[in-house]
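Overview (structure and organization)
As a plain string of letters, each chain reads:
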Amino acid sequence: MASLSAQMDLIVEKATNLIQLCEAYQEENDLLKLEVQSLQVALGTSSEKVKQLEERVKALAVAKTFENSEADTAISEKVLDTKQKINDFVREIDKCINLLK
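Residues numbered from 1 in each chain as written. Predicted model: local features only at pLDDT ≥ 70, side-chain atom pairs only at ≥ 80, totals over all residues. Heavy atoms only, no water.

On inspection of all chains with the given rule, the structure shows three salt bridges. Notably, a salt bridge pairs Lys-58 with Glu-55, separated by 3.9 Å at the nearest N-O pair. With Lys-58 and Glu-55 both in helix α1 (residues 2-71), this residue pair falls three residues apart, about one helical turn. Lys-58 sits in the partly exposed class, given a relative accessible area of 34%. The class for Glu-55 is partly exposed, based on a relative accessible area of 35%. With a shortest N-O distance of 3.7 Å, Lys-58 and Glu-92 are connected by a salt bridge. Of this pair, Lys-58 sits in helix α1 while Glu-92 sits in helix α2 (residues 77-100), placing them 34 residues apart in sequence. Each member of the salt-bridge network shares a partner with another, and the members are Glu-55, Lys-58 and Glu-92. (Salt bridge = Lys/Arg side-chain N within 4 Å of Asp/Glu carboxyl O. Helix = DSSP H or I, 4+ residues; strand = E, 2+ residues; numbered from the N terminus. Buried < 20%, exposed > 50% of the residue type's maximum accessible area, 1.4 Å probe, protein only.)

Shown next as structure tokens:
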């Protein structure tokens with residue numbers, strides 16, 4: 001009989017340990033889910049920052065083209081290229097406005 005009682009105690013102890021282990025893993029899982037959400041927000045923010053910086057680079061390229069073309073009095077290919085870039089920007093802005101609507 002003592003053997004059966006000892007076996008039952010061992011089973012109860014192991015079940016208790018498994019329950020505690022399960023609870024610990026559940027807490028860890030919840031923390032990892034929060035970390036994933038945080039990283040997704042950070043990634044979204046970084047992506048937006050990259051887009052803004054790319055736009056600034058384009059704007060600086062346009063400004064540099066204007067600066068270089070001001071030295072030339074005649075209309076050159078750079079001016080035409082700049083006009084094309086401005087038209088592209090306007091089209092992109094129009095697309096964004098349409099998406100926002």
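There is more to say, and it comes next.
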